[in-house]
Amino acid sequence: MAKTVIIEETGGPEVLKVVERPVGAPGPGEIRIRHKACGLNFIDTYQRSGLYPMELPHALGREASGIVEAVGEGVTHLKPGDRAAYAGSPAGAYAEARVMPASEVCPLPEAISFEEGAAMMLKGMTVQYLFHRTTPLKAGDTVLFHAAAGGVGLIACQWAKSEGITLIGTAGTDEKCALALEHGAAHCINYKTEDWVAKVRELTGGVGVDVVMDAVGKDTFEGSLDCLRPLGMMISFGNASGAVEPFSVNLLAAKGSLKITRPTLFTHTSDHETCQAMARMLFDKVESGAVKIRIDQRFPLDQVADAHRALEARQTTGQTILTV
């Protein structure tokens, strides 16, 4: 048996329930993993609220680290006793232990702690695909990154600096802006006290940025388009303020023949070899010191509802984990 967080209906944090569930043995292509820590991500709140529908009842959580206890037939990249971490499908990482598909589970280097492993996989591999698998980026390019002091944002600030990319961040307080700058952002704009669109134009000499990386969604979408240079790329990869409302594609032509994409991490990691290669690049960044994983909040698994409340209220910085 293992404590597991489930939802039986969609709604606010109050619908989260901690129950005891049998774990069982892994089948072909599966592993059983005993978690040491679990990661908290906005996608968890989208599934809990119903924004991203899922069959109910269902366990929640997409990211964790721990020790492999058993492997099923056909699993060759992991063995019992291995340290491992993942950002994977299906949801169910908010648990003491679980059985899951092995393909998206990655061997965790000894130099990276279990807490770091739980905090970094989904957010770090998100940054990897944003910078390396979505649109060509090179040293000297300029990126606008919203929520730059959040979990994905602080990794993105460091990643950009390590590759010579100028990152302009936005955040909601001066303290959060200072945190983004400390982690490698070239500039950070407090969107509550400044006209961030005008400031981006000023910082780029009126040209605009090459790429916008936007996980905020509804509140920042149109302004983000106005920050792009002609032929620039808009990457909308989240909905923290709500889903982007329908718009005419003619808007892209009017604003300078812009490009737009709405990617998800799990499209990339559904391929085993791609997932493992993305993780290795992330591990290399962390082991080299180019990216440091900052864990600012820890909640016991039983207090998962409080963790969700803090995340949705924008009260968190860096990474948040659930301890088990």
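Right above here is the structure, for reference.
Small disclaimer: the values here were computed from a predicted structure and weren't measured.

With respect to the overall build of the protein chain
Phase 1 of the analysis: Each helix and strand counted, the protein chain has 10 helices and 16 strands in total.
Phase 2 of the analysis: At 20 Å, the protein chain has a C-alpha radius of gyration in line with the 20 Å of a compact globule built from 324 residues.
Phase 3 of the analysis: Counting the 324 residues in the protein chain, one finds 55% classified as buried.
Phase 4 of the analysis: Counting only contacts in the protein chain whose residues sit at least 6 apart along the sequence, the fraction spanning at least 24 positions is 69%.
Phase 5 of the analysis: On the protein chain, roughly 13,100 Å² of surface is accessible, and the fraction owed to carbon and sulfur atoms is 51%.
Phase 6 of the analysis: If the 31 positive side-chain charges of the protein chain are averaged to one point and the 38 negative ones to another, these points end up 2 Å apart.

Focus on helix α2 (residues 114-132)
Phase 1 of the analysis: With 19 residues, α2 extends 26 Å from end C-alpha to end C-alpha; this agrees with the ideal 27 Å at 1.5 Å per step.
Phase 2 of the analysis: Of all the bends in α2, the greatest measures close to 50 degrees and is centred on Met 120.
Phase 3 of the analysis: Burial analysis of α2 places 16 of its 19 residues in the buried class, the great majority of the element.

Details of the environment of Thr 204
Phase 1 of the analysis: Along the polypeptide, Thr 204 turns up in the loop between α5 (196-203) and β12 (209-214).
Phase 2 of the analysis: The class of Thr 204 is buried, set by a relative accessible area of 15%.
Phase 3 of the analysis: Remark: the alpha-carbon pair of Thr 204 and Thr 10, spanning 194 residues in sequence, is separated by 43 Å.
Phase 4 of the analysis: Setting aside chain neighbours within four positions, we find Thr 204 in contact with Thr 142, Ile 168 and Val 209.

What about the packing of aromatic side chains?
Phase 1 of the analysis: The tally for this structure, following the rule as stated, stands at 4 aromatic pairs.
Phase 2 of the analysis: Among the aromatic residues, ring-to-ring pairing joins Phe 42, Tyr 46 and Tyr 52 into one connected group.
Phase 3 of the analysis: Positioned above the aromatic ring of Phe 114 is the side chain of Lys 36, whose terminal nitrogen or guanidinium carbon lies 5.9 Å from the ring centre.
Phase 4 of the analysis: Between Arg 83 and the ring centre of Phe 114, over which it is positioned, the NZ or CZ distance is 4.4 Å.

A word on the packing of α2 against helix α3 (residues 151-162)
Phase 1 of the analysis: At a minimum axis separation of 9 Å, α2 and α3 run at an interaxial angle of 45 degrees. Judged by the inter-axis angle, α2 sits oblique to α3. Relative to α3, α2 is oriented so that their crossing is right-handed. For the pair formed by α2 and α3, the contact residues are Lys 123, Gly 124, Thr 126, Val 127, Gln 128, Phe 131 and His 132 on the first element and Gly 151, Val 152, Ile 155, Ala 156, Trp 159 and Ala 160 on the second.
Phase 2 of the analysis: The class makeup of the residues in the contact of α2 with α3 is 7 nonpolar, 5 polar and 1 charged.

Cut-off values and rules
Residues numbered from 1 in each chain as written. Predicted model: local features only at pLDDT ≥ 70, side-chain atom pairs only at ≥ 80, totals over all residues. Heavy atoms only, no water. Helix = DSSP H or I, 4+ residues; strand = E, 2+ residues; numbered from the N terminus. Rg over C-alpha atoms; globule rule 2.2 N^0.38 Å. Buried < 20%, exposed > 50% of the residue type's maximum accessible area, 1.4 Å probe, protein only. Contact = heavy atoms within 4.5 Å. Areas by Shrake-Rupley, 256 points an atom, 1.4 Å probe, with all protein chains shown as cover. Lys, Arg positive; Asp, Glu negative; His and termini not counted. Charge placed at Lys NZ, Arg CZ, Asp CG, Glu CD. Expected span 1.5 Å × (residues − 1). Bend = angle between axes of the 7 residues up to and from the residue. Phe/Tyr/Trp six-rings, centres within 6.5 Å; stacked < 30°, edge-to-face > 60°. Lys NZ or Arg CZ within 6 Å of the ring centre and 35° of its normal. Axes fitted to C-alpha atoms, helices over the stretch in contact; angles between N-to-C directions. Parallel < 35°, antiparallel > 145°, perpendicular 65-115°, else oblique. Left-handed = near helix turned anticlockwise from the far one by under 90°. Nonpolar A, V, L, I, M, F, W, Y, C, P; charged D, E, K, R; others polar.

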